[in-house]
Every structure is written in structure tokens, then in C-alpha cells.
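Below are the chains, spelled out letter by letter.
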Amino acid sequence: MKKCWNTLGKLWTAVLLLCCVLPVNGCETRIHQDSWQGESTPPPSMEETASQPMPREGTFFLDYIYLSLRDLTLQADTIVYGEVTRILPAILPDEEKDDPAPLIYTPVEVTPILRHKGNPTINPVVYYQPGGVYQGIKQAVDHGVNLQTGQRVVLFLTAHHHDMGGNSVLVEEDGQITYLEDGTYQLVSCTPQEFLERIARYYPGY
């Protein structure tokens, strides 16, 4: 009898332990799930994205258009062949400061040698080249031209002296200007004087 009682006592003890262990394990599992769900955060809102600081370094991929030589000549406010005489510190224009992804510009002074269009009293011409380093923030433009002092260039610029697309800043190399020929879209090289005479056919006021 005593042996049987001991056996029943052990069985009750096992049952009680089992009842205690199951709820605890279930509770631990639920807590684990809750903590995992708490770690999953929603993506930042547009307001949060706009308030985040600019990255210290980055590359901009501008959707540059490629105008024909004729369209460049007719639409440009300034066309000048000249020499890069100074690179000024980069700036962040006022209209860009509230943009969540503002674009830095580097002013480049170009002293005219031959002027095709534009105000003759503006000397040197300041071209606002996209990209640069501003207050420790560095930007580069994919496929952009990075002008250097001493280079000679032909610029097709807007009224605010920004470029007009991927083929509107042409750098002279070995005394030649290389450009895309209208119609054939073949690369053609000639002297700067010949190039300006070429585009003069599109602009009667030259």
C-alpha cells in the first residue's frame, strides 16, 4: 500500500510539474514574439527623411539631356570659348537649401577668348558646375565634366549660367573641340574657331 501510495505521489508530482512547465513555456514564447515585433520599425516618413542630414559624400545621377548642336546654339543664352582662370569655393544656392537632396555647385570662372552669344560686359563668365565640396559635404555628378584651371572650353549656358545638358560643356584637347555632329551623331573634331563658325550658321546674329 505504501509502495502504491509512493507511486501515486510521484505521478501527481509529475503531473503538477508538467502543468507548471507548460504555461511558463507558452509565456516565454509569447514574450519572445512580442519583443521581435517591437524590433520591427516602419520606414521613415517623408518628413523624417527631409529632416535627416545630407550624406557626407555622394554621387548624383542627373538626367542629362543631349540637345542637337542646332538646338544648343538657338536655346543657349551664353555661348563662349574661353580659358578656365579660377575655381571658386562651392556654394549651396538658397533655392536648394530646403530640398531634402540639395545639389552643390562649384562656380568656375572662364575668361572669354571668343564670345558667340551673351552679355559682352560679363567678364569673366561664371559657369555653375554641378558638384563640389561644401561645408565638408562632397558631391560628384555621374558623367559630369570636372573643369580644371588652365583648360580651354566651349560653354553653352542658360540665363543663370548653368549648363544645358551632357554635350553643352566641351573641353579643348590638343587644339581640337570634339562634338556630336547633327544628323549623323558621329564624333567630329575641329579647331575652336572652326567650331564657332560651324554653329554661326544656326544663329544669324553672330
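First, a word on what this report is: a plain description of the structure on this page. On a predicted model such as this, the values are computed, not experimentally measured, just so you know. (Residues numbered from 1 in each chain as written. Predicted model: local features only at pLDDT ≥ 70, side-chain atom pairs only at ≥ 80, totals over all residues. Heavy atoms only, no water.)

1. A look at the overall build of the chain
And then number 1: Along the chain, the regular secondary structure elements total four helices and 10 strands.
And then number 2: From first element to last, N terminus to C terminus, the chain shows the α and β order α-α-β-α-β-β-β-β-β-β-β-β-β-α.
And then number 3: A burial count over the chain gives 31% of its 206 residues as buried.
And then number 4: Entry remark: accessible area of the chain is about 13,600 Å², with carbon and sulfur atoms responsible for 57%. (Helix = DSSP H or I, 4+ residues; strand = E, 2+ residues; numbered from the N terminus. Buried < 20%, exposed > 50% of the residue type's maximum accessible area, 1.4 Å probe, protein only. Areas by Shrake-Rupley, 256 points an atom, 1.4 Å probe, with all protein chains shown as cover.)

2. Thoughts on the sheet that holds strand β4 (residues 125-130)
And then number 1: Overall, antiparallel pairing links the five strands, which are arranged β4-β3-β2-β7-β8 in an open sheet. Looking at strand neighbours, the two that pair on one side only are β4 and β8 (169-171), the edges of this open sheet. With strand direction ignored, the average angle separating the axes of adjacent strands in the sheet is 40°.
And then number 2: Sheet strands touched by helix α4 (residues 192-200): β2 (78-87), β3 (105-117), β7 (152-157) and β8. Its angle to β3, the strand with the most contacts, is close to 75°. (Pairing = 2+ DSSP bridges. Axes fitted to C-alpha atoms, helices over the stretch in contact; angles between N-to-C directions. Contact = heavy atoms within 4.5 Å.)

3. Some points on a nonpolar patch on the surface
And then number 1: Residues Y66, L180, Y185 and L187 make up a contiguous nonpolar surface patch of about 500 Å² in total accessible area.
And then number 2: Counting through the fold element by element, Y66 comes out in the loop between β1 (57-60) and α3 (69-75).
And then number 3: Judged by its relative accessible area of 55%, Y66 is exposed. (Patch = residues over 30% accessible without salt bridge, like charges linked within 9 Å, V, L, I, M, F, W, Y side chains within 5 Å. Salt bridge = Lys/Arg side-chain N within 4 Å of Asp/Glu carboxyl O.)

4. Some points on the pattern of salt bridges
And then number 1: Taken as a whole and judged by the stated rule, the model has five salt bridges.
And then number 2: We note a salt bridge from E109 to R86, for which the minimum N-O separation is 3.0 Å. Here E109, found in strand β3, pairs with R86, found in strand β2; they are 23 residues apart in sequence, far enough to count as distant.
And then number 3: The partner of R198 in a salt bridge is E181, with the nearest N and O atoms 2.6 Å apart. With a gap of 17 residues between them, R198 in helix α4 and E181 in the loop between β9 (177-180) and β10 (187-190) connect regions that are remote in the sequence.

5. Focus: the pairing of β4
And then number 1: Of all six residues in β4, five are buried; the element is thus mostly enclosed.
And then number 2: Here β3 pairs with β4 via six bridges, running antiparallel. Opposite Y105, over in β4, you have P130 as the bridge partner.

6. Some points on the nonpolar core
And then number 1: Counting 17 residues, the largest nonpolar core has L69, V154, F156, L170, F195 and I199 as its most contacted members.
And then number 2: Counting only elements with at least two residues in this core, the list comes to α3, β2, β7, β9 and α4.
And then number 3: With three residues, α4 is the single largest residue contributor to this core.
And then number 4: One finds V108, V125, L147 and L157 within the second-largest nonpolar core, a separate group that totals 11 residues. (Core = buried A, V, L, I, M, F, W, Y, C linked by side-chain atoms within 4.5 Å.)

7. Overview of the packing of aromatic side chains
And then number 1: All chains considered together, the criterion is met by two aromatic pairs.
And then number 2: In this structure an aromatic cluster arises from ring pairing among F156, Y179 and F195. (Phe/Tyr/Trp six-rings, centres within 6.5 Å; stacked < 30°, edge-to-face > 60°.)

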